[in-house]
Amino acid sequence: MIADLGDALELASVISLDHDLNASPDDMNDPGCGYDVVKLLIKLLPQCPLIIHTSNAERGTWMVGELSRTDWRFERVYPVGDDWIESDWQLVLLRLLNAAM
């Protein structure tokens, strides 16, 4: 994401970030984390809202703390339960998309 952010950010409607990222099976290099993306985003002008959706409580708080010192609009969704995407994340996503229209 960091590599593509410069070219793609102006096209984004919403960015949804997890903290803990897993390497793909064919690439065992460390993929970094969502906090790395936030550290880059806070240096850029806000282009769209963000959703922080990590179960890593401490690092999610770090991400929120960095963003709260900027003009980026963001919301945090806690991934709790088997249907959190449908019941929580999706509602926030739709609200943010509708607010942007």
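Residues numbered from 1 in each chain as written. Predicted model: local features only at pLDDT ≥ 70, side-chain atom pairs only at ≥ 80, totals over all residues. Heavy atoms only, no water.

Student: So, the nonpolar core: which residues are in play, and what are the values?
Tutor: With 16 residues, the main nonpolar core has Ile15, Leu17, Leu41 and Trp72 as its most contacted residues. Of all the elements in the fold, those that place two or more residues in this core are β1 (15–17), α2 (34–41), β2 (50–52) and α3 (57–67). Broken down by element, this core gets its largest block of residues, 4 residues, from α2. The residues contacting tryptophan 72, other than those within four sequence positions of it, are Leu9, Leu41, Ile42, Leu44, Leu45, Pro46, Gln47, Cys48, Leu50 and Leu67. Judged by nonpolar contacts, the second largest core, of 7 residues, contains Trp84, Val92, Leu93 and Leu96. (Core = buried A, V, L, I, M, F, W, Y, C linked by side-chain atoms within 4.5 Å. Buried < 20%, exposed > 50% of the residue type's maximum accessible area, 1.4 Å probe, protein only. Helix = DSSP H or I, 4+ residues; strand = E, 2+ residues; numbered from the N terminus. Contact = heavy atoms within 4.5 Å.)

Student: Describe a negative patch on the surface, with residues and values.
Tutor: Together, Asp82, Asp83, Glu86 and Asp88 make up a negatively charged patch on the protein surface. Here glutamate 86 lies in helix α4 (residues 84–100). (Patch = residues over 30% accessible without salt bridge, like charges linked within 9 Å, V, L, I, M, F, W, Y side chains within 5 Å. Areas by Shrake-Rupley, 256 points an atom, 1.4 Å probe, with all protein chains shown as cover. Salt bridge = Lys/Arg side-chain N within 4 Å of Asp/Glu carboxyl O. Lys, Arg positive; Asp, Glu negative; His and termini not counted. Charge placed at Lys NZ, Arg CZ, Asp CG, Glu CD.)

Student: Which residues make up the state of the cysteines, and what values go with them?
Tutor: Going through the model one piece at a time under the given rule, you end up with 0 disulfides. Cysteine 33 carries a free sulfur, and the closest cysteine sulfur to it, the one in cysteine 48, is 19 Å from it. On the basis of relative accessible area, cysteine 33 is assigned to the buried category, the value being 17%. Its relative accessible area of 7% is what places cysteine 48 among the buried residues. (Disulfide = S-S within 2.5 Å.)

Student: Residues and numbers for the environment of valine 37, please.
Tutor: Mapping valine 37 onto the fold places it in helix α2. Looking at valine 37, the relative accessible area reads 5%, which means it is buried. Measuring from C-alpha to C-alpha, the distance between valine 37 and methionine 1 comes to 7.5 Å, with 36 residues separating the pair along the chain. For valine 37, the residues in contact, after removing those within four places along its chain, are Met1, Ile2 and Leu17.

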